[in-house]
Amino acid sequence: MRFLLFIALVAVLVNSKVFALDCYQCGGDDCNDESTTQVITCPNTGDVFACYTMKYQDGDVTKKQKGCSVKSDTIAACSDVIIPEGTRNVVCEICTEPKCNSSPALALSMLLIPVVLFIRYIMN
């Protein structure tokens, strides 16, 4: 049983690094309704991608934009993201887990379950 648990943990870790990254994508008012938020797969161009959630100021209203962004150690996060003209960027957050740019209530990492099981295995 312990061996199977270890294999499952390794499979999840390998799976998260090998396959293309899925992120939520929306913009402006569409991000307020989860039924209008789409799931996209980041391009397989050889670059490393991350999911992003950008908050920007449109007049007196703060809006969101979500999607895929190139992740790099040498450039700022979300530097390739274009926001609507006449708006101001407030903050941009990136993450590297599948669909991790969902609403905060749903942003439970897929690795959490295997990690908890692995810790339980070690504690027994």
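Cut-offs applied
- Residues numbered from 1 in each chain as written.
- Predicted model: local features only at pLDDT ≥ 70, side-chain atom pairs only at ≥ 80, totals over all residues.
- Heavy atoms only, no water.
- Disulfide = S-S within 2.5 Å.
- Buried < 20%, exposed > 50% of the residue type's maximum accessible area, 1.4 Å probe, protein only.
- Pairing = 2+ DSSP bridges.
- Helix = DSSP H or I, 4+ residues; strand = E, 2+ residues; numbered from the N terminus.
- Axes fitted to C-alpha atoms, helices over the stretch in contact; angles between N-to-C directions.
- Core = buried A, V, L, I, M, F, W, Y, C linked by side-chain atoms within 4.5 Å.
- Contact = heavy atoms within 4.5 Å.
- Salt bridge = Lys/Arg side-chain N within 4 Å of Asp/Glu carboxyl O.

Chemist: Help me out: how do you make sense of the state of the cysteines in this one?
Modeler: In a disulfide, the sulfur atoms of two cysteines are held together by a covalent bond. Considering all chains together, one arrives at five disulfides under this definition. Paired through a disulfide, Cys26 and Cys31 show a sulfur-sulfur distance of 1.9 Å. In this structure, the disulfide formed by Cys26 and Cys31 twists by about 105° around the S-S bond and is classed as right-handed. Each member of the pair Cys26 and Cys31 is classed as buried.

Chemist: What am I meant to see in the sheet that holds strand E1 (residues 22-28) here?
Modeler: Through backbone hydrogen bonds, the strands of a sheet pair up, either in parallel or in antiparallel fashion. The strand order across the open sheet formed by five strands is E2-E1-E4-E3-E5, and the pairing between neighbours is antiparallel. Whereas interior strands pair on both sides, the edge strands pair on one side only; in this sheet they are strand E2 (38-41) and strand E5 (88-95). In this sheet, neighbouring strand axes are inclined to one another by 30° on average, regardless of whether the strands run parallel or antiparallel. Alignment of E1 against E2, held across four bridges, turns out to be antiparallel.

Chemist: Before we go on, may I ask you to explain the nonpolar core in this structure?
Modeler: It is characteristic of soluble globular proteins that their nonpolar side chains tend to be buried jointly. Membership of the largest hydrophobic core is limited to eight residues, which are Leu21, Cys23, Ile40, Cys42, Phe49, Cys51, Cys68 and Cys100. The residues contacting Cys68, other than those within four sequence positions of it, are Cys23, Ile40, Thr41, Cys42, Phe49, Ala50 and Tyr52.

Chemist: Would you mind going over the pattern of salt bridges with me for this structure?
Modeler: One side chain can pair with another of opposite charge once the charged atoms of both are near each other. Following the criterion strictly, the structure yields two salt bridges and no others. Note that Lys63 is salt-bridged to Asp58, the shortest N-O span being 3.2 Å. Residue classification places Asp58 among the partly exposed positions, given a relative accessible area of 32%. What emerges from the salt-bridge pattern is a single network uniting Asp29, Asp58 and Lys63.

So, to be careful, I would describe these as geometric facts and stop short of saying anything about function.
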